[in-house]
Every structure is written in C-alpha cells, then in structure tokens.
Amino acid sequence: MNPFSVMRRDFLRAGGLGTVGAVLPRLAHAASVANPPGPAIEAPPAAGIFDVRKYGATGDGKTLDTAAVNRAIEAAATAGGGVVIFPAGVYLCFSIHLISQVHLRLEHGSVIVAADSPLPGGQTGYNGGVYDAAEPGTAWNAYQDYGHNHWHNSLIWGEGIHDFSITGSGLIYGKGLSFGADRPARGNYPTYVAEQPGVGNKAIALKNCHNVLLRDFSILKGGHFGMLFTGVDNLTIDNLLIDTDRDGMDIDCCQNVRVSNCTVNSPWDDGICPKSSFALGYARPTRNVTIANCWVTGCYELGSVLDGTFKKFAPEARVPHTGRIKCGTESNGGFINITISNCVFEGCQGYALESVDGALLEDITIANTTMRDLISGPIFMRLGARLRGPKESTKVGTLKRILINNLVCHNAPQKVSSILSGIPGYAIEDVKLSGIYIEAAGGAPAEAAQARPAELENHYPEPTMFGTIPASGFFLRHVRNVEMSHVEIANAAPDARPAFYLTGVERADFFAVTAPRGKNGAFALDRVKDFRIGWSRAAADAVLPAADGKTL
C-alpha cells in the first residue's frame, strides 16, 4: 500500500478524536522528504501547473501555509488560469481565497487543515493568525442566522467568481473552525464563538458565483457548514464524503445544481439542505436542482464514516441524529423544480419540505428511497407562517405539486409519524404518494389516539414540534387534493392509533392501501370533504362527500 495512504488513514483516525498532533509529524516528515519545498518563485511554470510548495508551502502540518497557498492561486490567476496542486502533505491554513479560472487539485495524501481560531476572548489563533473578517452587518441579517449572512470568515471562500473547481482525493479538515458556541462539545475539540472576530466557521463558502465543480475530496468536521453556497449557479457536486458536526452542505438561492454520489454523516444537523434565504438581500429561489445516489446518515460517530470504522453512537449518547435531506428551514425565495432520486437514509430524520417564510415550494419529485432506523417520520411537509423576512413583502407561501414514489422504510419511530400539515386558510396542495412501504415501531397506547396537535402556525418547523401524533402512519391537516396509491403501513407492535388521521382535508383519494385495522379502524376523519377509498385492505370501498368524527 502507498505509505501516504497508510499515514492518511492513521491521520483520519486520530484527527476525528482531536489527537491529530501525534500523527502530523510523521506525515509531514514523509511529505517533506518526498516533495522538498523549493524557493518561492514568481514566474508561472509551464503547462499551467502551480505547485503550492514552489510558492513556499511546507506541508509539514506545523508551519502556516496560508500565504504560500494564496500566492500560488494568485499566480495561476495572473497567468490566465491554471491548476494549483497540493501534493501529499498537511497544509495548515487560515482563509484561502478562490479566484476565477483557477482549479485546486488535492492530490492523494494531501490535507488542508483549518488552523485553530482565536479562543473565546482571544485576539488571535494559531501562531497569531486569524480568519478573514466577516462581512459587515446588513438590514437583512435578522432574517437568517449568523452563519448564513457571512462567507469570508471561512477556510476556503470565493465571491463573485466563475469557472473554477476543487477536485482530487485529498481531505479538507476543519479542525479549527467553530461549530457554534451554543452547542455542546464534540470530541476533544475546543469551542469557538462564530461571531467573534478572527474565528472561522465554514470549510468552503461561495457567494454569487457560477460554473463551479467540486468532486472527489472529503471533508472532516466542516464547522457550521461543510459547504455553504449562496447565489451559486451551474454548480456540480459529485462524489464527496462529508463527515461533520453541523450541516453537510447548504445550497441556498442557487440555480441549476447537480448533487450526486455523495456521502454525508451529520449527526448534529442536516446533511444535504437546499435553502432559499434572504441572505442576498432579496428573495431568490433555489431552482432546477437534482440530488441523486446519495447516502445521508446521523448515527455514526464523527470521523468514523471517513475512516471506514462506522462506529455507531451508543444508545445513551445525547445526539439529535439529524442527518437528513431538507428543503428549508430558511425559505424566502422558494424551491422550484427539485428532483431527488436513489438516496439512502440511515439513523437520521426523513425528508423535510418546508415553506414557512413565504417560499413557493412547487414541483418536487422524490423517487426510489430506502430508509432505516429513523428518528422522525419518513415524510414531513410543513406550510407555515413563521414569515421571517421583510414584513411588507413576506406572506404565506405555497407547498404544492409534490410527487413521492417508491419509498421503503424500516423501523420508523412510534411517536412521530409522517406529517403533512398546512395552516388554517393555507393548504398543502396536489400531493401524490405511491409505492410506499413503512414499517413503524408501533406500540402507542390508547391515549395517543386522542392527541390533538396544536397548529403552531409561526413556530420553527420540525417533525417533533407537534408532540405525539394521533396516527401511526400519516397525519394530514389542511391538505387539498392528496392521493395515496399502493401505500402500506405495518406496525412492528400493536398500535392503538389509526394508520391515517385526516383533519381539514379536501379531496383525498386512497387506492390499494394496506394498514392495520384496530377497533377504531384504519382511518380517522375530521372535517374531511370529498373522500374516496377503493380496492384497499385498510377499509371497505367508500365515497364520502363529507365526514366529521368518522372512523373507517
């Protein structure tokens, strides 16, 4: 085996536990022998290749290489574009500045390490260094959290640039980045305050860019965001492995985006997260997005997916196991034309489609999903009225034309089933669910069937927000034109709740539906209009113009 492969494996195992210091010297020494640093030069080399070592980078894991890396990038840009190469080694850096027409190539065995940020109350971080200053505040900062409003305080960032890429089998390790001072410590990493000057809180951040390719590298512990993209168009993300302690990737106000073949372990936050915030100062939709062939999870210890040990958290560990694919929560501009296919969920939450800040969430297709050991229902749709945005223009949005087919789930939780919930006067519309098999834990007592979740119109949307759900399969509230065909709910233990609870629903069609039939039936209907069921094992065929307080 290549010696750098062995050392990189050892580095990942140690780094994931915060003990990187024991491994860095070995990797750095071997890298320096194989690729001794040359003198700094100004003239660009032939063939558009720019080796960071020839611009003064040491790759020893101790010396700050920030200035040398930025010199290499600037030299490539000055030459009209080129490839900046990181040979095997450990490059300790603060903020790296991306430039148009420059490609970063992370060779096998190369690691870019985020240097330690200033500690709380401190002025500087490692060896007196700091990350670039966050952008000044704006009138719209209040409409999303601090991380979404700033890009420059990152390990690697670019703004207003185009035609660039980061590829290769190397690693970006956000060791010195903040994951949020309000969060409990994770491993042996110090806690940094993201809002403090000099602190970095994202591994990669891009704003108002286009024609971007990111492929084949890995991210360990990526800070508040492994990757934050805001206003980035023609974006391709392929074959990344992200093992992190907050969001894996946020795709905010972006258009024409392709995410494929990615692995994201993000136990403490979302995995792949399209958003449409007000961070650009105006409402811009996230549009024309495909997410395909990805695995998202929230049940593995930090670093253990990356190093291949796949260590699951102990049952008593206080970890939220989030790790999902979610449209939202920030939802000012909208989500239009989104396709998600061939994805796998494990030990995390299910799909979340959320419009609570005025977004038009429309024309969404989800196909071919497998799920295991979820902590919330497989499907969560929420049309709400948080309305975090300019008061004069932010109105309740829409959530409509949603198709989900071919979904199988093993071990869905008892308390929180799948939820489709609008609010009074604003219904979720035109939803078609087909080819779905959900095996839920079941076991809810009789009093659970009497739960009546509050509306909570302006609350932060989460599947757990409503408490106990009075259905073991689907809770539908304020929904218009919903169709379920070839859907089966199976409870591992007997459950006193009906499989389906409908309230404030208009035009609901159920065809070839299978579900347990308890003493109160499989369906509870409250203020339902135009209900039809046929060719189903869950209930006898019926056509009901209206039903209130009725069970089937």
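Note that the structure is predicted; figures quoted are calculated from it, not measured.

Caption draft 1: Local environment of the overall build of the protein chain. A tally of regular secondary structure across the protein chain gives three helices and 36 strands. Against the globule reference of 24 Å for 552 residues, the protein chain gives a C-alpha radius of gyration of 25 Å, in line with a compact fold. With respect to the three principal axes, the spread of C-alpha positions in the protein chain is 80 × 50 × 45 Å. A separation threshold of at least 6 residues defines the contact pool for the protein chain, and within that pool the share at least 24 residues apart is 68%. Per element, the accessible surface of the protein chain, about 19500 Å² overall, is 53% carbon and sulfur. Treating the 48 positive side-chain charges of the protein chain as one cloud and the 52 negative ones as another, the clouds have centres 3 Å apart.

Caption draft 2: Representation of the side chain of Gln 196 in the model. Tracing the backbone through its elements, the reader meets Gln 196 in the loop between strand 10 (171–173) and strand 11 (202–207). The buried category is assigned to Gln 196, whose relative accessible area is 13%. Leaving out residues up to four positions away in the same chain, Gln 196 has contacts with Pro 118, Leu 119, Pro 120, Gly 121 and Gly 122.

Caption draft 3: View of the packing of aromatic side chains. In the structure shown here, the tally under the stated rule is 16 aromatic pairs. Ring plane angle 65° and centroid distance 5.4 Å describe the contact between Phe 500 and Phe 510, whose orientation is recorded as edge-to-face. When its relative accessible area of 0% is taken as the criterion, Phe 500 is described as buried. For Phe 510, a relative accessible area of 3% translates into the label buried. Seen from their ring centres, Phe 510 and Phe 523 are 4.9 Å apart, and the 80° between their planes marks the pair as edge-to-face. Here Phe 523 lies in strand 33 (residues 523–526) and Phe 510 lies in strand 32 (residues 500–511), a separation of 13 residues in the sequence. Following the ring pairs from residue to residue traces out a cluster consisting of Phe 474, Phe 500, Phe 510, Phe 523 and Phe 531. Residue placement shows Lys 221 over the ring face of Tyr 189; its charged tip is 4.6 Å from the ring centre.

Caption draft 4: Main features of the pattern of salt bridges. Considering all chains together, one arrives at 26 salt bridges under this definition. Ionic pairing is found between Lys 207 and Glu 159, a salt bridge with its closest N-O pair at 3.8 Å. Of this pair, Lys 207 sits in strand 11 while Glu 159 sits in strand 8 (residues 156–159), and the two are 48 residues apart along the sequence. Taking relative accessible area as the criterion, Lys 207 reaches 15% and is therefore assigned buried. Looking at Glu 159, the relative accessible area reads 32%, which means it is partly exposed. Residue Arg 477 is joined to Glu 455 by a salt bridge in which the shortest nitrogen-to-oxygen separation is 3.8 Å. Placement of the pair is Arg 477 in strand 31 (residues 474–493) and Glu 455 in the loop between strand 30 (428–442) and strand 31, with a sequence separation of 22 residues. Among the residues examined, Glu 455 registers a relative accessible area of 23% and is labelled partly exposed. Through salt bridges with shared partners, a single network forms among Asp 247, Asp 250, Lys 275, Glu 330 and Arg 388.

Caption draft 5: Local environment of the sheet that holds strand 20 (residues 272–275). Pairing within the open sheet is parallel, and its six strands lie in the order 5-8-11-14-17-20. Both outer strands of the open sheet, strand 5 (96–97) and strand 20, are each paired with one neighbouring strand and no more. As paired strands, strand 14 (residues 225–230) and strand 17 (residues 247–252) are joined by five bridges and run parallel to one another. In the sheet register, Phe 229 faces strand 17, and the bridge partner there is Ile 251.

Caption draft 6: Representation of the nonpolar core within the structure. Core analysis: the biggest nonpolar cluster contains 133 residues, and Met 227, Phe 474, Phe 500, Leu 502, Phe 523 and Phe 531 have the highest contact counts within it. Counting residues per element, this core draws most heavily on strand 31, which supplies seven residues. Every residue in contact with Phe 531, bar those within four places of it in the chain, is listed here: Leu 502, Ala 508, Phe 510, Phe 523, Leu 525, Ala 542, Val 543, Leu 544 and Leu 552.

Caption draft 7: Just unusual backbone geometry, in detail. Thr 329 follows Gly 328 through a cis peptide bond whose omega is 5°. For Thr 329, the position within the fold is in the loop between strand 23 (326–327) and strand 24 (335–346). Look at Arg 401: it is not a glycine, yet its phi comes out positive at around 55°. On the secondary structure map, Arg 401 appears in strand 28 (residues 398–412).

Caption draft 8: The arrangement of empty space enclosed by the protein in detail. Under the counting rule described, the total for this entry stands at one cavity of 30 Å³ or more. Counted as a void, the largest cavity has a volume near 30 Å³. Taken together, Gly 377, Pro 378, Ala 412, Pro 413, Ser 417, Ser 418, Ile 438, Ala 440, Ser 472 and Gly 473 make up the full set of residues lining the largest cavity. Here the residues of the lining of the largest cavity are counted per class, giving five nonpolar, five polar and no charged.

Caption draft 9: Structural context of the state of the cysteines. Summed over all chains, the structure comprises zero disulfides. Take Cys 253: it sits in no disulfide, and the sulfur closest to it among the cysteines is that of Cys 254, at 7.0 Å. Overall, the relative accessible area of 0% leaves Cys 253 in the buried class.

Caption draft 10: Here's a closer look at the environment of Gly 81. Looking at the secondary structure, you find Gly 81 in the loop between helix 3 (66–78) and strand 3 (82–86). Residues Gly 81 and Phe 164, spaced 83 residues apart in sequence, show a C-alpha to C-alpha distance of 9.1 Å.

What counts as what
Residues numbered from 1 in each chain as written. Predicted model: local features only at pLDDT ≥ 70, side-chain atom pairs only at ≥ 80, totals over all residues. Heavy atoms only, no water. Helix = DSSP H or I, 4+ residues; strand = E, 2+ residues; numbered from the N terminus. Rg over C-alpha atoms; globule rule 2.2 N^0.38 Å. Contact = heavy atoms within 4.5 Å. Areas by Shrake-Rupley, 256 points an atom, 1.4 Å probe, with all protein chains shown as cover. Lys, Arg positive; Asp, Glu negative; His and termini not counted. Charge placed at Lys NZ, Arg CZ, Asp CG, Glu CD. Buried < 20%, exposed > 50% of the residue type's maximum accessible area, 1.4 Å probe, protein only. Phe/Tyr/Trp six-rings, centres within 6.5 Å; stacked < 30°, edge-to-face > 60°. Lys NZ or Arg CZ within 6 Å of the ring centre and 35° of its normal. Salt bridge = Lys/Arg side-chain N within 4 Å of Asp/Glu carboxyl O. Pairing = 2+ DSSP bridges. Core = buried A, V, L, I, M, F, W, Y, C linked by side-chain atoms within 4.5 Å. 1 Å grid on protein atoms, 1.4 Å probe; cavity = no way out; pocket = protein on both sides within 12 Å on 5 of 7 lines; lining within 4 Å. Points joined across faces, edges and corners; volume = space filled by probe spheres on them. Nonpolar A, V, L, I, M, F, W, Y, C, P; charged D, E, K, R; others polar. Disulfide = S-S within 2.5 Å.

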